[in-house]
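Here is what each chain is made of, one letter per residue.
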Amino acid sequence: MNMRITLLALLTTVSVASAQQTVPLRKSIETSKRSIRLDVPMTNSIRKAFTAGTRDFTGKPGPNYWQLEADYNINASLDPATQTITGTEKISVHNNSKDELRNIVLRLDHNIFRAEAQRGASVPAEATDGMVLTSIKVAGAPVDLTATPTFGRSTATPPSKLTVSGLTQTVASINLIEPIKAGATVEVEIAWHTKLPGGTIGRGHRMTQRFDDKLFQPTQWYPRLAKYDDLRGWETSPYLGPSEFYNNFGKFDVYLTVPGGWIVSGTGVLQNPKEVLTATAQQRLATVLNSDDEVTIVGESEKGPGKSTAPGDKLTWHFLADKVNDFAWATAENFIWKATRATIPGKGAIPIHMVFAPERAKSFEKAGQIARHALEFYSKLWAPYPFPQFTMQDGPSAGMEYPMVINSNQGAADHETAHQWWPMVVGNNETRYGWMDEGFNQYMNILSGADVRQRAYSLDGLGQSYGRSSGSESEAPMMWSANDAGSGYSFQTYGKTPLMLSMLGGIVGDEAVINAMKKYTATWSFKHPSPWDYMFFMNNELNQDLEWFWYYWLFTTETVEGSIQDVKTVKGKTTVTVHEAGQMPSPVVLKVEFEAAGPALKAVANAKMIDATTAVVTWPASVWFNGNRTFNAVMDFGERKIKKITFDPNGRFPDANVADNIWPREQSVK
Ligand SMILES: [Zn+2]
């Protein structure tokens, strides 16, 4: 044909076009190289921590690691008629940092119920006045709640009185006159009241905190000290609803006054059972740890002062909790109270309490046994459950977690119980990095679910499935603050992590991932890891430089998109041409299926025989680091005929089109 003419014509066209600069500069994916990023980005906050020696590349707390402690004494009473909690509290702020604190930041989460509040997807059941502070003292000195603080104040005139800003926001700041010195403790005393929102229009957890004036489920219900850390100083991200919390660990000494006859449950251990419980309830409680049976502590027919509780118009319930990062509770005039036990390895039996209204008794029938399995399974998986009791509370929020307490019936019991490990033990910053909390939780729920069914867990297919959803402009990379994840929040925070850990298991083995996570849990128990600590810890524990892996999964929304493009066998030596169209590299894992009969198979160094006629051959991800998009995988098994070759046979690497992972291609078309 007229090939020569065509070629000449083409060359002419190209030269003219380039002169006019109309040829597209971007090459096709098939032919362009990709540059693989081999390190994780270090932001200013983590660089600062490395410089200070508070964190480092070991992924363990650095030699200079510190964290603040906040101890709370709270005295609060609930008035069902006004649905309002009125309280006083003293927060002992232990400044264990190396810094002088010039202000004290408070979290006033109930201000999300104010009509004008900034919010994410959450909608309160009722607009309230929010968290109303009526008095604040710092080291005994009163704070002027009415003064307008001067921002960016000049150094010429030091402030003459204590002021506060942001009292109508979820984050408020007390401006100090004298800074809190490094190593010093200061006491902050606050008087406050807050109405618990009720009604039917609430959307999202914690947005409805009561059923009429009969059942109350207070959460994030008292002024809390914000977190001050070595990464950013005060964490001042607003509470928008979906992303939950990041709190200091400390002791809680809490007195809760409610009407007589109302049962109270909560974080910590009840200190005064003789004052608030009936003799019968105390006797029944004493039997709970004897067996896995369920014991009724207060039954449906036992109602009112002297029957469900000790006699009295009002009763004050006293709880103590140590080493916790929050305190939640619930109370109702008609709670049924049941209890059973869980046996924690190395520790023994602890009680599981359940409090619920009679109309939802059915939703609590299996709750005790689900919570027992979760507490025992996760104790073995990561670290023994460290707290002295566990409580499940009924109420409008049926899927939320606090230390020792979950607001959940049996529906979400496994997942909410799992939260006792993150963030109640490993105190990650959930507002920014929800995946270190909800995502790890989703992963461990898969393992727990398989254990319940007495089956081996399988993470196959999960990593690959990300290929089908990636590329959406709604997906926020996991390292974006969860507060800013928008409509992609749920996938960013919950969904993507098990997919990431499925691929990680595809590289190093699932057992190795689980063992490394177990050590990570122990290393960061009651501390506050950042994502970098997690990444570097895992690299060290797995003894592999996986920065490229963390970069693609956590900082991008890229995928692998592998395929087999060609297979040629010459004299028993087979060359498989593998292509990766995505930006994320992966190991080259090929399952090779041979004919049953034929010459003996030769041993191949990077191959593992699955059975007599099937081998899995692996090359590391580093084969891609030169930027080429094709890799010729050469294997010499000898003259036995190959029936079929599959790239990524366990479905671990993100891939939208898996049909082209199989050779010969027609085998995938059925
Ligand atoms: Zn959760």
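The structure presented is a predicted model; accordingly, all values stated were derived computationally and were not measured. (Residues numbered from 1 in each chain as written. Predicted model: local features only at pLDDT ≥ 70, side-chain atom pairs only at ≥ 80, totals over all residues. Heavy atoms only, no water.)

## Some words on the packing of helix H5 (residues 367-381) against helix H7 (residues 438-452)
In plain terms, the rule: Here an angle of 0 to 180 degrees is reported between the N-to-C directions of two axes, which are lines fitted to C-alpha atoms, with helices fitted over the stretch in contact. Helix and strand definitions follow DSSP, with helices as H or I runs of at least four residues and strands as E runs of at least two, each counted in order from the N terminus. Crossings are classed by handedness, with left-handed meaning an anticlockwise turn of the near helix from the far one by less than a right angle and right-handed meaning a clockwise turn. By the convention used here, residues are in contact when the closest approach between their heavy atoms is within 4.5 Å. In this classification, the charged set is Asp, Glu, Lys and Arg, the nonpolar set is Ala, Val, Leu, Ile, Met, Phe, Trp, Tyr, Cys and Pro, and all remaining amino acids, among them Gly, are polar.
Closest axis-to-axis distance for the H5/H7 pair is 11 Å, and the angle between their directions is 115°. Note that H5 runs across H7; the crossing there is right-handed. When H5 is examined against H7, the residues His 373, Phe 377, Tyr 378 and Leu 381 are found in contact with a partner set consisting of Met 444, Asn 445, Leu 447, Ser 448, Asp 451 and Val 452. Class assignment for the residues of the contact of H5 with H7 results in 6 nonpolar, 3 polar and 1 charged.

## Examining the coordination of the zinc ion
To be explicit about the condition: Excluding water, the donors of a metal are its N, O and S neighbours within 2.8 Å, or within 3.2 Å for Na, K and Ca, and that exclusion means sites may look incomplete. Square planar and octahedral assignments, for four and six donors respectively, both demand that opposite donors be over 155 degrees apart and that all other angles lie between 65 and 115; tetrahedral needs four donors with all angles between 85 and 135 degrees, and anything else is irregular. Residue burial is assigned from relative accessible area. The probe radius is 1.4 Å, only protein chains are included, and a residue is buried under 20% of its type maximum, exposed over 50%, and partly exposed in between.
Summarising the metal site, the zinc ion is bound by the protein donors His 415 (NE2), His 419 (NE2), Glu 438 (OE) and Glu 438 (OE), whose distances to it range over 2.0 to 2.7 Å. Taken together, the 4 donor atoms surrounding the zinc ion define angles of 53 to 150° at the centre, an arrangement classified as irregular. Mapping the donors of the zinc ion onto the primary sequence gives the spacing H-x3-H-x18-E. Here His 415, found in helix H6 (residues 413-418), pairs with Glu 438, found in helix H7; they are 23 residues apart in sequence, far enough to count as distant. Both residues of the pair, His 415 and Glu 438, belong to the buried class.

## Quick word on H5
Defined as follows: Each residue after the first adds 1.5 Å to the expected span of a helix.
Taking 1.5 Å per residue, 15 residues should reach 21 Å; H5 reaches 21 Å between its end C-alpha atoms and fits that length. Among the 15 residues of H5, 11 are classified as buried, and the element is accordingly described as predominantly covered. Restricting attention to buried positions, one finds in H5 the residues Ala 367, Gly 368, Ala 371, Arg 372, Ala 374, Leu 375, Glu 376, Phe 377, Tyr 378, Ser 379 and Leu 381. In the core, the buried residues of H5 are packed alongside strand E20 (336-344), strand E21 (348-356), strand E22 (390-393), H6, H7 and helix H10 (510-523).

## Brief notes about the sheet that holds strand E25 (residues 562-570)
To summarise the sheet geometry, strands pair through backbone hydrogen bonds and adopt either a parallel or an antiparallel arrangement. Let me state the cut-off plainly: For two strands to be treated as a pair, DSSP must find at least two bridges joining them.
In space, the 3 strands of this open sheet follow the order E25-E26-E30, with antiparallel pairing throughout. One side of each edge strand has no neighbouring strand; the edge strands of this open sheet are E25 and strand E30 (630-636). Each strand axis lies, on average, 20° off the axis of its neighbour in the sheet, ignoring direction.

## Section: the packing of aromatic side chains
Rules: Working definition: a ring pair exists when centres of Phe, Tyr or Trp rings (six-membered ring for Trp) sit within 6.5 Å. Plane angles under 30 degrees give stacked, over 60 give edge-to-face, the rest tilted. Sitting over a ring, as applied to charges here, requires NZ of Lys or CZ of Arg to be within 6 Å of the ring centre and within 35 degrees of the ring normal.
This model, assessed by the stated rule, comprises 48 aromatic pairs. Between Arg 37 and the ring centre of Tyr 551, over which it is positioned, the NZ or CZ distance is 5.2 Å. Positioned over the ring face of Tyr 246 is Lys 227, at 5.6 Å from the centre of the ring.

## Structural notes on the environment of Pro 587
For Pro 587, the position within the fold is in the loop between strand E26 (573-580) and strand E27 (588-594). Of the residues examined, Pro 587 reaches a relative accessible area of 6% and is grouped as buried. As a C-alpha pair, Pro 587 and Phe 647 span 60 residues in sequence and 9.9 Å in three-dimensional space. Those residues within four positions of Pro 587 in sequence are excluded, and the remaining contacts are Ile 507, Glu 580, Trp 619, Pro 620, Ala 621, Phe 647 and Phe 653.

## Quick notes on the nonpolar core
Which entries qualify depends on this criterion: Joining through side-chain atoms within 4.5 Å is the link that ties buried Ala, Val, Leu, Ile, Met, Phe, Trp, Tyr and Cys residues into a set, and such a set is a nonpolar core.
Trp 221 and Trp 550 are the most contacted members of the largest nonpolar core, which totals 178 residues. No other element matches helix H12 (residues 547-555), which puts 8 residues into this core. Non-local contacts of Trp 221, meaning those with residues more than four positions away in its chain, are made with Ile 74, Ala 76, Ile 85, His 110, Met 131, Trp 192, Thr 194, Val 254, Leu 256, Phe 327, Ala 328 and Trp 329.

## Regarding the side chain of Gln 83
Quick note on the threshold: The definition of a polar contact used here is a pair of N or O atoms within 3.5 Å, where within protein one atom must be able to donate a hydrogen and the other to accept one, and adjacent residues in sequence count solely through side-chain atom pairs.
One can find Gln 83 in the loop between strand E1 (69-79) and strand E2 (84-94). Residue classification places Gln 83 among the buried positions, given a relative accessible area of 13%. A polar contact of 3.1 Å, which involves the side chain of Gln 83, links it to the backbone oxygen of Ala 81. The residues touching Gln 83, leaving out its near neighbours within four places in the chain, are Thr 194, Lys 195, Leu 196, Arg 210, Asp 212, Asp 213 and Phe 216.

## What to know about the side chain of Glu 580
Looking at the element boundaries, Glu 580 is found in strand E26. At 3.4 Å, the side chain of Glu 580 forms a polar contact with the side chain of Trp 624. When neighbours within four sequence positions are excluded, Glu 580 is seen to be in contact with Arg 34, Val 560, Glu 561, Gly 562, Pro 585, Ser 586, Pro 587, Trp 624, Arg 629 and Phe 647.

## Description of helix H9 (residues 489-508)
To keep things clear, this is the line we draw: Here the bend at each residue means the angle between axes fitted to two seven-residue stretches, the one ending at that residue and the one beginning there.
Over its 20 residues, H9 runs 28 Å from end to end, which matches the ideal 28 Å to within 8%, given 1.5 Å per residue. At Lys 496, H9 shows its maximal kink, close to 45°; a proline, Pro 498, follows between one and four residues later. Directly beyond the C-terminal end of H9, a positive phi value near 100° is found at Gly 509.

## Focus: the sheet that holds strand E32 (residues 662-663)
Spatial strand order, E28-E29-E27-E31-E32: 5 strands in an open sheet with antiparallel pairing. Each end of this open sheet is capped by a strand with a single partner; those strands are strand E28 (607-611) and E32.

## Some details on the environment of Ala 349
Looking at the element boundaries, Ala 349 is found in strand E21. Using a relative accessible area of 30% as the deciding quantity, one classes Ala 349 as partly exposed. In this structure the C-alpha to C-alpha distance between Ala 349 and Asp 460, which are 111 residues apart in sequence, comes to 35 Å. What Ala 349 contacts, discounting residues up to four positions off in sequence, is Leu 289, Arg 341, Ala 342 and Thr 343.

## Section: unusual backbone geometry
Of the consecutive residues Trp 422 and Pro 423, the connecting peptide bond is found in the cis state with omega at 15°. With respect to the element layout, Pro 423 can be found in the loop between H6 and H7. Pro 664 follows Trp 663 through a cis peptide bond whose omega is -5°. Its location among the elements puts Pro 664 in the segment after E32. One non-glycine residue with positive phi stands out, namely Gln 220, at about 50°. With respect to the secondary-structure elements, Gln 220 resides in the loop between strand E10 (215-216) and strand E11 (224-225). Classification of Gln 220 as buried rests on a relative accessible area of 1%. In this structure, Met 404 takes a positive phi of about 70° despite not being glycine.

## Describing the pattern of salt bridges
Where side chains of opposite charge bring their charged atoms close, a pairing between them can arise. The test is simple: Any carboxyl oxygen of Asp or Glu within 4 Å of a side-chain nitrogen of Lys or Arg constitutes a salt bridge here.
All told, the structure shown has 29 salt bridges when counted by the stated rule. Here Arg 55 and Asp 533 are joined by a salt bridge, their closest N and O atoms 2.5 Å apart. Remark: Asp 533 occurs in helix H11 (residues 531-542) and Arg 55 occurs in the loop between helix H2 (44-52) and E1; sequence separation between them is 478 residues. Assessed through its relative accessible area of 1%, Arg 55 is described here as buried. Ionic contacts of the salt-bridge type, sharing partners, join the residues Arg 107, Asp 109, Arg 224 and Asp 326 into one network.

These results come straight from atomic positions and should not be treated as a statement about function.
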